[in-house]
Amino acid sequence: MSVEIENNKETQNGIKTEQMVLNLGPQHPSTHGVLRLELELEGEIITKVTPHIGYLHRCFEKHAEAMTYPQVVPYTDRMDYLSAMYNEFGYALAVEKLLGIELPERVEYIRVIMGEFQRIASHLVAIGTYGLDIGAFTPFLYCFRDRERILSLFEKTCGARLLYNYIWVGGLSHDLHPDFVREAKEFVKYFKPNIKELNDLLTMNKIFIERTANVGVLPVETAINYGISGPNLRASGLKWDIRKNDPYSVYHKFDFDIPVGKNDIGTVGDSWNRYYIRVLEMEQSLRIIEQALEQIPEGDVTSAIPKRIKPPVGQVYSRVENPKGELGYFIISNGSTSPFRVKVKGPSFVHLGVLNELCKGRMVADVIAILGSIDIVLGEVDR
Amino acid sequence: MKNDMKKVEEIFNQLKEKFGDSVIELVSSQPVEAFIKISPLEIDKICLFLRDNEELLFDSLMCLSGVDDANGKNVVDDDGTSSIQGGTLSVYYHLESTKIGHKLTLKVSAPRENPDVNSVAKIWRHADWHEREAFDMVGINFLNHPDLRRILMPYDWEAGHPLRKDYKNPEFYQGMKVPY
């Protein structure tokens, strides 16, 4: 129910109004990091949102030009620090495409398992903090409790909880620990009923629905034109997932569905749908993990790692379905051991660009609901 | 859906027929991806055609990247540091059609001293921020861009564009020492 703004500055009672500029951030708990939004207001109605970014800018791309190819991997961790596994995954795939190397099957399976666990962990943060933004504190604790178990699995595998340096070009830093498959299966069994619990707590909560349904509706044409991808695009109703539409690794071997936004609670493309797609995707990720754990072959995970990485002259654009959307790496090689240029197309950067479109004509409080629903990580926006 | 997918050669011929000399060449000797070179001041017209033509329908811009080709002459300055003169700066466009499923890579190169490229921000709104990034990082001047200003660096950064290969850190920024 967006409100149309009339431009006459004097109301019928003779009270003068004027435009106000309000700064949200850079230090604000609801901006999910260091982000400044310049809101132009007409009363409480927003006429324009201008995001100011760059507070976390480290120029990863410049760093990468001074590194060898394997040295870039830890830097990719630090972009979207909530889905570090998937950043490494994407980078490794891009360099492997340049090199044209074949991987042992076991490596591919482990990558997919880790990637899907990472997707669940990332979505749990998105869902938990979104509830927090809206005012629901309890689901946040439940989500972080479950995410903790995934992080423990990661920690036991590679020694780190957030920034892994696990997926290397051509393989993995080391194999799974002997108990991994058993513990992963235990987690799947433990986590399944928790999704239902989460739905009872938050998804179908009346206050939550009132705050999010029909808020910030993004039509599908606008979404494509703005380059929106991942859960946000699927919430707008387009059945588009790179794991299905442009398959990479071994995703073609698994049976899973792509959830899309529906018109039942809110409208297609609203904040509630963007939230709920993430819940549904966690179920699909569990399905993929279950299948992968059953089929995982034996093998050596380090055998294909090249001693010296020196790709031929050329350029490649390779993309993966990161938990937040399409993560693309554009790498130019000039034949040396360092990349000539690495450009990252990060989903958070792209999704923040559409914020003005979503917030126009809404109330100030809706900005928080909309910003939370597009799920950005500032580490990747600024890179 | 799959049957309508076009090969890059077909698209190149179609563009060549329609736009003539603005479409410079098809580079396919690279080991991984072929791309089409376009004249920088015609890129917006060609992109509009690519988006709206019913056989092509490139409705999505996947990525837009500014690159310093560093193919000019290396000149040593008085203080012993070197800078690049001449050569080109390039922009790569990665397009995709969500309706048909085919992909395409375009490249434009503009002279380093005068890097003017027509903006495609009005064709794909996605390009808006990526062009601002390419302007900020590499210093490509996008003509007819709705709001071309720095995006990642501070607005008052005067030391140039960090992703140029001959970029030098300034000693001070607003009275603060820069190299740490």
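Source: prediction; values computed, not measured.

S.K.: Looking at this structure, I do not really get the overall build of chain B. What am I missing?
M.R.: A tally of helices and strands in chain B yields three helices and eleven strands. Along chain B, helices (α) and strands (β) appear in the sequence α-β-β-α-β-β-β-β-β-β-α-β-β-β when read from the amino end. For chain B, the spread of C-alpha atoms along the principal axes amounts to about 60 × 30 × 25 Å. Looking at chain B residue by residue over its 180 residues, the buried ones come to 37%. Considering only residue pairs separated by 6 or more positions, chain B has 53% of its internal contacts joining residues 24 or more positions apart.

S.K.: Honestly, the sheet that holds strand β2 (residues 35-38) of chain B in this entry has me stumped. Any pointers?
M.R.: To summarise the sheet geometry, strands pair through backbone hydrogen bonds and adopt either a parallel or an antiparallel arrangement. All names here are of chain B. Spatial ordering of the open sheet is given by β1-β2-β7-β6-β3, a layout of five strands whose pairing is mixed. Unpaired on one side and paired on the other, β1 (23-27) and β3 (60-68) mark the two borders of the sheet. On average, each strand axis in the sheet is inclined to that of its neighbour by 20 degrees, with strand direction left out of account. Here eight bridges tie β3 to strand β6 (residues 88-96), and the two strands are oriented antiparallel to one another. Its bridge partner lying in β6, V67 is registered against S90. Relative to the sheet, helix α1 (residues 8-19) contacts β1, β2 and β7 (103-111), its axis offset from that of β1 by approximately 165 degrees. Packed on one face of the sheet, helix α3 (residues 127-138) meets β3 and β6 and runs near 5 degrees to β3.

S.K.: Would you take a moment to explain the packing of helix α2 (residues 69-77) of chain A against helix α3 (residues 84-99) of chain A for this structure?
M.R.: The relative placement of two packed helices comes down to the angle between their axes together with the axis-to-axis distance. All names here are of chain A. Relative orientation of the contacting elements α2 and α3 amounts to 150 degrees, with a least axis distance of 8 Å. What the angle tells us is that α2 and α3 run roughly antiparallel. The crossing of α2 and α3 is right-handed. For the pair α2 and α3, contact is made by Y69, V72, V73, T76 and D77 and by A84, N87, E88, Y91 and V95, respectively. Classifying every residue of the contact of α2 with α3 gives six nonpolar, two polar and two charged.

S.K.: What should I look at first to understand the nonpolar core in this one?
M.R.: Side chains that are nonpolar tend, in soluble globular proteins, to be buried together. Residue and element names in this part refer to chain A. V95, I113 and I331 are the most contacted members of the largest nonpolar core, which has 146 residues in total. Among the elements that make up this core, the one with the highest residue count is helix α4 (residues 105-134) (14 residues). Not counting chain neighbours up to four residues away, the residues in contact with I331 comprise A94, V95, L98, Q315, V316, P339 and V342.

S.K.: Just to check I follow, could you spell out the interface of chain B and chain A for this structure?
M.R.: You'll often see interface size given as the accessible area lost when the parts meet. Contact residues are listed per partner, giving 25 residues for chain B and 30 residues for chain A. When residues of the side of chain B that touches chain A are traced back to their parent elements, those giving at least two are β3, β6 and α3 of chain B. Counting residues per element, the side of chain B that touches chain A draws most heavily on β3 of chain B, which supplies six residues. Partitioning the side of chain B that touches chain A into residue classes produces 14 nonpolar, seven polar and four charged.

S.K.: Looking at this model, I keep getting lost on unusual backbone geometry. Mind explaining?
M.R.: Residue and element names in this part refer to chain A. Look at C59: it is not a glycine, yet its phi comes out positive at around 55 degrees. You can see C59 is positioned in the loop between β3 (45-52) and α1 (60-65). Using a count of 16 C-beta atoms within 10 Å as the deciding quantity, one classes C59 as partly exposed.

The rules we used
Residues numbered from 1 in each chain as written. Chains lettered and ligands numbered in written order. Predicted model: local features only at pLDDT ≥ 70, side-chain atom pairs only at ≥ 80, totals over all residues. Helix = DSSP H or I, 4+ residues; strand = E, 2+ residues; numbered from the N terminus. Buried ≥ 20, exposed ≤ 12 C-beta atoms within 10 Å, placed from the backbone. Contact = placed C-beta atoms within 7 Å. Pairing = 2+ DSSP bridges. Axes fitted to C-alpha atoms, helices over the stretch in contact; angles between N-to-C directions. Parallel < 35°, antiparallel > 145°, perpendicular 65-115°, else oblique. Left-handed = near helix turned anticlockwise from the far one by under 90°. Nonpolar A, V, L, I, M, F, W, Y, C, P; charged D, E, K, R; others polar. Core = buried A, V, L, I, M, F, W, Y, C linked by C-beta atoms within 7 Å.

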